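Breakdown of the fold
Spelled out, the chains give:
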Amino acid sequence: MPRARFQKLSADKQNQIYEAAAREFSANGYEGASINKILDAAHLSKGAAYYYFDDKADLFAATVQHYAADLVGDLATLIEPLTAATFWPTFADRYTQQFTDFYDRPWAFGAIKAAGRLSPQTYATLPALAATFGQVQQGLAALIRKGQTIGLVRTDLPEDLLVALFIGIDDATDQWVLAHWETLSREELVTTARRVILGVSRILAPPRENSDD
């Protein structure tokens, strides 16, 4: 993660570095991103870059965690009070938030999603980032268990499979949204996100009696 001296930079300079990195990682992924292009865009020398970060991996992890902080949040606080009436509407609101929060910054959203395309081998070199996304998976698992407790999520499939189903749908949605971001209005993004969660709610719903769902 950033060295302590990074925190001594002005907020504007920190944001300039994070934005330059996010744009490059979003466009080219972690493996394809050029550290030199990031440095040029952020107006940093290579020596200065390594004064603040250990290496490219450290910069990537810091950038993703910087923009993902609000998305991860405290899921436990969100989940505990959910009821049958509020479960899916709250889920939809939280899911939609990522698109509205990043509507004017698709490159930040893209940088976060670039982390989801890392190989297991690369993740192994980024323990802080792996821990962050592990928290997301744990939060999803807790959300599913809450849905099962109140009778809105099926119990006939393993928990890890239900989490994987949601992540798979989420990944497909993210790829489609990023490919069409420039042509979608904020309202269209929100509508798409809510329809995705409606579809998820139907997939995860308990099977009907006398049904093979």
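Everything below is about the structure shown above.
Scope of this entry: the structure provided in the associated data block. (Residues numbered from 1 in each chain as written. Predicted model: local features only at pLDDT ≥ 70, side-chain atom pairs only at ≥ 80, totals over all residues. Heavy atoms only, no water.)

As a packed pair, helix α6 (residues 87–101) and helix α11 (residues 186–204) sit with axes 9 Å apart at the nearest point and diverge in direction by 140°. Here α6 lies oblique to α11, going by the angle between them. Handedness of the crossing formed by α6 with α11: right-handed. The segment α6 lies against α11, with W88, P89, F91, A92, D93, Y95, T96, F99 and T100 engaging R186, L189, V190, A193, R194, V196, I197, V200, S201 and L204. Among the residues forming the contact of α6 with α11, the class breakdown is 13 nonpolar, three polar and three charged. (Axes fitted to C-alpha atoms, helices over the stretch in contact; angles between N-to-C directions. Helix = DSSP H or I, 4+ residues; strand = E, 2+ residues; numbered from the N terminus. Parallel < 35°, antiparallel > 145°, perpendicular 65-115°, else oblique. Left-handed = near helix turned anticlockwise from the far one by under 90°. Contact = heavy atoms within 4.5 Å. Nonpolar A, V, L, I, M, F, W, Y, C, P; charged D, E, K, R; others polar.)

Let's shift gears to the packing of aromatic side chains. Counting across every chain of the model gives 19 aromatic pairs. An angle of 70° between the planes, with centres 6.1 Å apart, marks the rings of F6 and Y52 as edge-to-face. Here F6, found in the segment before α1 (11–32), pairs with Y52, found in helix α3 (residues 46–52); they are 46 residues apart in sequence, far enough to count as distant. Of the two residues, F6 and Y52, both sit in the buried class. (Phe/Tyr/Trp six-rings, centres within 6.5 Å; stacked < 30°, edge-to-face > 60°. Buried < 20%, exposed > 50% of the residue type's maximum accessible area, 1.4 Å probe, protein only.)

This paragraph deals with the layout of surface pockets. It is the rolling of a water-molecule-sized probe over the atoms that shows where space remains empty. Empty space within the largest pocket amounts to approximately 840 Å³. K113, V136, L140, F166 and D170 are the residues nearest the centre of the largest pocket, which is lined by 32 residues in total. For the lining of the largest pocket, the secondary-structure elements that each account for two or more residues are α4 (56–72), α5 (75–79), α6, α7 (106–115), α9 (127–149) and α10 (159–180). Taken together, the residues of the lining of the largest pocket sort by class into 18 nonpolar, eight polar and six charged. (1 Å grid on protein atoms, 1.4 Å probe; cavity = no way out; pocket = protein on both sides within 12 Å on 5 of 7 lines; lining within 4 Å. Points joined across faces, edges and corners; volume = space filled by probe spheres on them.)

This next bit is on the packing of α1 against α7. Packing of α1 against α7 brings their axes to within 7 Å, and their N-to-C directions diverge by 60°. Here α1 lies oblique to α7, going by the angle between them. Handedness of the α1/α7 crossing: left-handed. Two secondary-structure elements touch here, α1 through E19, A22, R23, F25, S26 and G29 and α7 through P106, W107, A108, G110, A111 and A114. In terms of residue class, the contact of α1 with α7 is made up of seven nonpolar, three polar and two charged.

It is worth spelling out the nonpolar core at this point. By size, the foremost hydrophobic cluster in this structure holds 63 residues, and its most contacted members are F25, F60 and L129. Among the elements that take part in this core, α4 stands out by supplying eight residues, more than any other. (Core = buried A, V, L, I, M, F, W, Y, C linked by side-chain atoms within 4.5 Å.)

Relative to the elements of secondary structure, S10 occurs in the segment before α1. On a C-alpha basis, the gap between S10 and G147 in space is 44 Å, while along the polypeptide they are 137 residues apart.

Limitation: the analysis is restricted to geometry and does not speak to function.
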